[in-house]
Structures are given as C-alpha cells and as structure tokens.
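Each chain, written out:
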Amino acid sequence: MVGHADDSWVGLWHQYRAFIVIACAAVVLGGQLYVRLSEDPGYPSTKTTTGSSNGSTTRLSSSTSNDKPKANGPKRIKGKLAKQTSEQEIVDTSAPVKVLVFFSSITTKTETIAREYLLKLSTAQSILAKETGCQFLEPELCDLTEVEFEDYFVSTPKADQPLRHFYLFLLPSYNIDSINDTFLQHLQETHYDFRIDTSSLSGLLGYSVFGFGDTEGWPTEAEGFCFQAKELDKWMAKLTGRKRAYPVGMGDMKGDFAARFDEWATGVHEVLGHAARTGSLGEGAPGSGAPVESDDEDVEEDDGEVLFEDEDGQGLVTSKKSQILGDVEDLGKLIRSGGDEVRTMEGKAPLAVDFTNYGSKTKQPKRKQLPAAPKEMVAKDSPTYAALTKQGYAIVGSHSGVKICRWTKSALRGRGSCYKYSLYGINSHRCMEATPSLSCSNKCVFCWRHGTNPVGTTWRWQVDPPGMIFEGIKANHYQKIKMLRGMPGVRAERYSEAMQIRHCALSLVGEPIFYPHINELLAMLHKERISSFLVCNAQHPDQLEALKAVTQLYVSIDASNRDSLKKIDRPLHRDFWERFQRCLDILREKRFRHRTVYRLTLVKGFNVEDEAEGYAQLVERGLPCFIEVKGVTFCGTATSSNAGLRMTNVPWYWEVCDFVRALEKRLKAKGLKYGIAAEHAHSCCILLGSERFLVDGKWHTHIDYQKFFELLEERGPDGDWTPEDYMGPPTPEWALWGNGGFDPRDDRVDRKGRKIEVEVIRERPADWDDSQTAMCSTE
C-alpha cells in the first residue's frame, strides 16, 4: 500500500510539475517586485537630518497623497555612503576671497599677536588685489571661545553672496582643559559623523595653521611642543580633503616665534594670491611630478622599507626584515618602468657595446654630403622623455634634468637628511639634484635607469646654453618643492629654507662632466653661492683635467681591476681602463686644489670579496681627500635582473663595515694615512678620510661653505688655495664612526609615522645564516 501511494504522488508530480514550477517562480518574482516598488523613488518618505557635535535634530516631512503605506518590518539599508558634493566645490574665480583668522588665547598673548597680524594681512591683501586683480574682503578675526563651531566647521559659512573662504589658525598648545580640547573633539566627531560628509569643508579655498609652544615645558615635538596645532592640522586636512595651503608653522613663545611667524605669514600670503588667482592650491604630488597627492594622512610615506622584485620578476616583494637601511641617495618610491617591453628581455648582462672607431679608416663617400643637424638628446615626443618624466624627472631643454630626492621630503618633515648632511653638513631640504647631461658612457649593472637615458661615447647632440639650463633646473626644482607644501608633517621653517637652494648635487643621472659648458654652469651656481658636488665616472679624462673650481669632486671607483670594472660598469669606451687610470692620475694632481673623493659602490659577488688590496692600490695612485664606501641599492627592476643583479648582491651593513675595516688596514700597511672618520648607517655609507683633515685628534669632514665662496670670489676659479683652507668645524659627535650618523634633532619613524629606534649592527651576528637574502641593513 505504501508503494502504491508513493507511485501516485510521483505520477501527480510528473503530470503537474510544469505548473508548480511556474507558480513558484511567479510568487518569487511578485515578492521581489513588491519590494522594489516599496523602495521606488517615486514614493518618497523625505528625511532631513541636521547634526552637530553636541546633539542632533531629525525632521520627517509628511507623506504626499500618492505615497504608499510603509511596509512592516525593518527598513533595508544599503551600506554605501555616497560622497556629498558641495556646491562650493565648483570653483568661481570671480568670487571674492574672505580670510577668517581663528585663534584661542588664555593669557591674551596669542590674541595680541592675532590682532597685530590682522592689520598686516589686510595690507597684504591690498597688494595681492592689485597684483592678481582678485577681490579680497576685509579679513575677520574669530575667537574660538565665541564662535559656534557648527557655523564654520560642519560646512563652509553661509553668505549673502558667493564667497571663497580661506581659514587661518593661530593656536597655542595647553596641557590643561581649554577651548582647544573642545574644538579638536568637535573636528574629530564631525569627521566621523555618518550623517556628514567626511570632507565637509572641501569647499574651502585652503587653510593653514601656526602653533605657539614653549620649549621649556616641551623641548621637542615628540614631547609635546605645539602638539595641539599639529592635531588641528591633521583634522582640518581630513575635513577639507587635503587643502593644506601651507605647512604647519611652529614657534617658541620664549624664543624664535616672531621670526618663525613672519616666515609662515610670508608663505601663506604667497599661496593666498595664487589660490585667489587660479582657484586652486596647485599640484600636490610630493616630488613625483604627477598631479596627484601621493601621501595619505594616516599611512605615511615609505621610509626605510625596501621594495624589491622577486627572482622571477613576478611582482614586488616587501621585505619583512626589521628596519632595512639601504643606499638611498635617490631611492624614492621604486617604480617599474618599461613594463612588458622590458620583461621580454632574457638572459644575463649584455656585452658592452663599442661605439668608438679608434684608428679605423673610413672610406669617404664620393659625393660630399652636408652634415645632419644635431638632434635633441631627449626629444619631448620620445619614449625616453616619457619614461623619465614618469619617474619624476623634470626635463630641462633637450639634455638636462632635475628631480626631487626622497631625502628632501624626509628632511622637510624632520625625519632625517641623507649621508651628505652627516658627512659634509649639507641639509637635504636645501639640496638640488640635477644633471646637465642625461647621457652616460657606462651601463652599470646597479643603475636603475637602463632604457630610460641615452648612452654614447661622444657628444653628438645639440647643446643648450648654460644660462638656460641653470634657470630651468632652479625653476623646476622650486616648482617641485612647492608641490610638497601640502604634504603631512612638512615643517614651515624648513619649507621656507628649501625655497633657497644652497647646494647642487650634479649626480642625478648620466654624466654631468660630459656637458661641453660644465665650467660655465658651475660658475653660475657659485655666483649665487650654491655649492657644488660633481660626480663623474672616470671615463672622460680630458673634461676632468679642464674642470675648474668645484666644491667637492667625486670619481666613481666601482672596481679594483680591469675585469671587474668591465663586468660592473659595462663601459662603452674600448680603452676604458686606460681612461680610468688617467682620471685617477688627474685626481692626484687636483688633490691640493679640490676636495677629491673616491666613491666606492659595493656590489656583493662583484667587487667586495678579496678586493681590499686592489682598492688600496687605487687609493695609493690617486690619494683622494676622502673615500666614500656605500652598499649598492637594488632597484628591483627587470632590467637589473637582466644585468645579472639580484638581492643577493646587496651587502648587509656589517659586511660594508668589514670591508671598510679591511681597506683601512691595507692602507695603513702601505703607509697611507687614512682613517675611518664618519658614517651614515641608514644610507649604508661610511667615510674614510685623509689625516689631512684630522686636526688635534678630531675629524673635520664638514665644509665651511662661506669660506669656499670667499676664496672663490677673492682669487677666482683658478686661484691658489687648498681644501684645508675651507675645512669646516669638527664633525658632530653623532656623525662620527660608531655613532650611526643620524641627527638627534630629527626622528626616525615607521610607515605609520611612529617614532622608532634602530640598532646599528657593525659586526657579523654570531648566529648568522649565510643562506639569508643579503640586504644593506643595520639590523
């Protein structure tokens, strides 16, 4: 009986299954349609919400006559918060500009300063109005204890006419309860209020903050100096969508606040005029040359972590070792340039290409041909131009370039300068990296610009005048510095200093001494009291011999013998070794006219093992004033892989230290008076100095730049003086060998901006595993 009943049910199912399936589908579709109609915009239930940090009010409008009744049950909420678009985000450059100056003051000192500044601001606005043709309304002073925060800091102020508002803040920091705490809490709550756009003040033209502090109570920023001003800057950056017009200024009320405040005000007025005229603060890419701001307010820029490509070239790998300290003169953010075109290349290092024809007899054509006009080295429509500009270079003319180094950004934020500051006293934020020749006569295995700069043994391109190059590199450098004023953490006083170049490193890319008018370019730098470091590759002895005054002259010494030099530098000249040796002889002759430096770039597996004796012989030949030893930087590009370079070729810092100690030992065995003078561990850089610069037991590796220019002006570029004549004061204790070389006034931070301490390891760890991936590191 049971089986018969089952058969009947199965039969019914087979007979009516089509109708059952259709009916179920109709029910499901009908239910979905009902839900859709319930949410249709044609039947709104209007909800208006106004909110503040202190409370909120909700008002529901009555339903229209054709509203559907509300469905029972919870309301469905879709979890995507659309960014509200402020009407004031549409820039109207004809609208008047209104500057609001907010301040807080318990002792009335800040109020007095604010009222005095308001008069100066009014005068400055009158000048800006004449220069820009823009209309400025009379600036207004606002006491934070008296204003309603909702009127100014939830959205931009309401006005009877279209206005462009610009906010300035003068804020002392207090360690007691004050209006500052309430104000900062309001900004934080406004940013996180789900009812309000996270960038509700994006309609502002811009903002800037100046903080007043007391170094007696809080000596450093890490200990609280101007901490509330920095906190205000952070929240305003979030609420305005990063419309920081000028870096945070900070001054000591018992010290330098007047000078610091004047610097800040001057900078703010300049930006205010630009913003009023153009309707924007300008590009904000920190040194990359791109029009997009790259720094996040919460996740700070990479500082110390090395990115490298895996052996198969499949992607970037982030090293998980503790704080990695690499050679970062121009490391920046590592970019994969070349894309798939480069990745198609396979194999090991290509052989050096010889473009020379020494002694060859070329058969002359029967008919004379007019020589072709020289071409541009880097034409604007060329792939080379596109590749270099993508990497952040500004191309000047047809063969010169300038670029912002990542150490410039680091120094602007108080996170340390490069090795040139530790060893020679050069502030990174006042240094310009440039080159008058993007072309080079080597194809070094450790160069990360393969395929992006031209090569050649002779100058065969058109020549730009030195005046055009000088003005061009300065203008482009300053333009890139201006891009950094909105970057989180930039210090106003250092930004102001950065707008006055005091040093030029002619070592960016290519071979600067290759430029036919290099002496004229150096003279222009020196005339404006800009010191010069020139780095050459020891392949152009004639140009090196003709070189006149330079503050410090470098020659790259990348190998100790002919075979290693050919393997590492991959020179294009057939007689590269003879050229190399002649350059060392010229350097020996110049050692009492120039500060001469050997730069040794250590590449593990190429020029480190058992080569201390060979390098000592080269030092004996040239007798340089200083010897810089640096661990190589692996850039992580496919072209480096094809050149035979891997992460295993990058030495650890203790390996660099071992090499330097071995080299010092070999020099002393030869009777040469050299010693280990200073270091910058974070750059994997150690300096050996001639005892000419060891005075009364103290190293003097720094330079007296003022004295250098005085000698140059008094005696001319061919005058008679020695490097000792412009030797600077004793090298600071923190920069000497054994102390790390990091300026204690700055802070080392991790990627989140948190202060860190780094232990420098100069000896091989007892538990070292040789199978570990080598990396230039101090940990």
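First things first, this report covers the structure right here in the doc. Model, not experiment: these values are computed from the prediction.

## Topic: the pattern of salt bridges
Two side chains that carry opposite charge are able to pair once their charged atoms sit near each other. Following the criterion strictly, the structure yields 30 salt bridges and no others. Between Glu231 and Lys234 there is a salt bridge; the shortest N-O distance is 3.7 Å. Of the two residues, Glu231 and Lys234 both sit in helix α5 (residues 227-240), three residues apart, roughly one turn of that helix. Bridged by salt links that share partners, the residues Glu613, Glu620, Arg666 and Lys670 form one connected network.

## Some thoughts on the environment of Glu146
Within the fold, Glu146 resides in the loop between β4 (140-143) and α3 (149-153). With a relative accessible area of 66%, Glu146 lands in the exposed category. Expressed as a C-alpha distance, the spacing of Glu146 and Ser104, which sit 42 residues apart in the sequence, is 9.7 Å.

## Remarks on helix α20 (residues 705-715)
All of the buried residues along α20 are Tyr705, Phe708, Phe709, Leu711 and Leu712. Buried residues of α20, viewed axially, fall in a sector of 160°; they line one side. The exposed set on the far side of α20, more than 90 degrees from its buried face, consists of Glu713 and Glu714. Residues of α20 that are buried sit in contact with α10 (419-424), α13 (518-527) and β14 (531-536).

## Topic: the packing of helix α11 (residues 466-482) against α13
At a minimum axis separation of 9 Å, α11 and α13 run at an interaxial angle of 45°. Looking at the two axes, α11 sits oblique to α13. Both α11 and α13 take part in a crossing whose hand is right-handed. Residue-level contacts link Pro466, Gly467, Ile469 and Phe470 of α11 to Glu520, Leu521, Met524 and Leu525 of α13. Within the contact of α11 with α13, the residues separate by chemical class into six nonpolar, one polar and one charged.

## Side note on the sheet that holds strand β11 (residues 400-403)
In space, the 10 strands of this open sheet follow the order β10-β11-β12-β13-β14-β15-β16-β17-β19-β18, with mixed pairing throughout. Every interior strand has two partners, whereas the edge strands, β10 (394-396) and β18 (674-680), have only one. Put simply, the sheet's adjacent strands are angled 25° from each other on average, direction ignored. With four bridges joining them, strand β12 (residues 431-435) and strand β13 (residues 503-506) adopt parallel strand pairing. Its bridge partner lying in β13, Glu433 is registered against Ala505. Taken strand by strand, α11 contacts β10, β11 and β12, and its axis lies near 160° from that of β10. This element, helix α17 (residues 612-622), spans β16 (596-602), β17 (626-631) and β18 of the sheet and lies at about 165° to β16.

## Points about the pairing of β18
Burial analysis of β18 places seven of its seven residues in the buried class, which makes it a mostly covered element. In this sheet, strand β19 (residues 685-690) lies alongside β18 in antiparallel orientation, the contact comprising six bridges. Within β19, the position partnered with Tyr674 by the bridge is Ser690. Hairpin connection between β18 and β19: a loop of four residues separates the two successive antiparallel strands, and Cys684 in this loop has a positive phi of roughly 55°.

## Things to note about the environment of Ile627
The topology assignment puts Ile627 in strand β17. Taking the C-alpha atoms as reference points, Ile627 and Val660, separated by 33 residues in sequence, lie 9.8 Å from one another. Leave out the neighbours within four places in its chain, and Ile627 touches Tyr598, Leu600, Val619, Leu663, Leu667, Tyr674, Ile686, Leu687 and Leu688.

## Quick word on unusual backbone geometry
In the Ramachandran plot, Cys226 falls in the positive-phi region, its phi being about 55° despite a non-glycine side chain. With respect to the helices and strands, Cys226 occurs in the loop between β6 (206-213) and α5. Unlike most non-glycine residues, Arg529 shows phi in positive territory, near 60°. As for its position among the elements, Arg529 is in the loop between α13 and β14.

## A word on the pairing of strand β15 (residues 552-556)
Among the five residues that make up β15, five are buried, leaving the element largely enclosed by the rest of the structure. Examined bridge by bridge, β14 and β15 share four bridges and lie parallel to one another. What sits directly across from Leu534, in β15, is Leu553. Once the chain exits β14 it traverses helix α14 (residues 541-546) before rejoining the sheet at β15, and the crossover so formed is right-handed.

## Focus on the sheet that holds strand β3 (residues 97-103)
What the five strands build is an open sheet, ordered β4-β3-β5-β6-β7; its pairing is parallel. Strands with a single pairing partner mark the edges of an open sheet, and in this sheet they are β4 and β7 (249-252). Each strand of the sheet is rotated relative to its neighbour by a mean of 20°, with strand direction disregarded. As paired strands, β6 and β7 are joined by four bridges and run parallel to one another. Bridging across to β7, Phe212 finds its partner in Gly251. Of the strands in this sheet, β3, β4, β5 (164-172) and β6 are in contact with helix α2 (residues 109-132), which crosses β3 at around 165°.

Conventions and cut-offs
Residues numbered from 1 in each chain as written. Predicted model: local features only at pLDDT ≥ 70, side-chain atom pairs only at ≥ 80, totals over all residues. Heavy atoms only, no water. Salt bridge = Lys/Arg side-chain N within 4 Å of Asp/Glu carboxyl O. Helix = DSSP H or I, 4+ residues; strand = E, 2+ residues; numbered from the N terminus. Buried < 20%, exposed > 50% of the residue type's maximum accessible area, 1.4 Å probe, protein only. Arc of directions from axis to C-beta. Contact = heavy atoms within 4.5 Å. Axes fitted to C-alpha atoms, helices over the stretch in contact; angles between N-to-C directions. Parallel < 35°, antiparallel > 145°, perpendicular 65-115°, else oblique. Left-handed = near helix turned anticlockwise from the far one by under 90°. Nonpolar A, V, L, I, M, F, W, Y, C, P; charged D, E, K, R; others polar. Pairing = 2+ DSSP bridges. Right-handed = clockwise from strand over helix to strand, strands pointing away.

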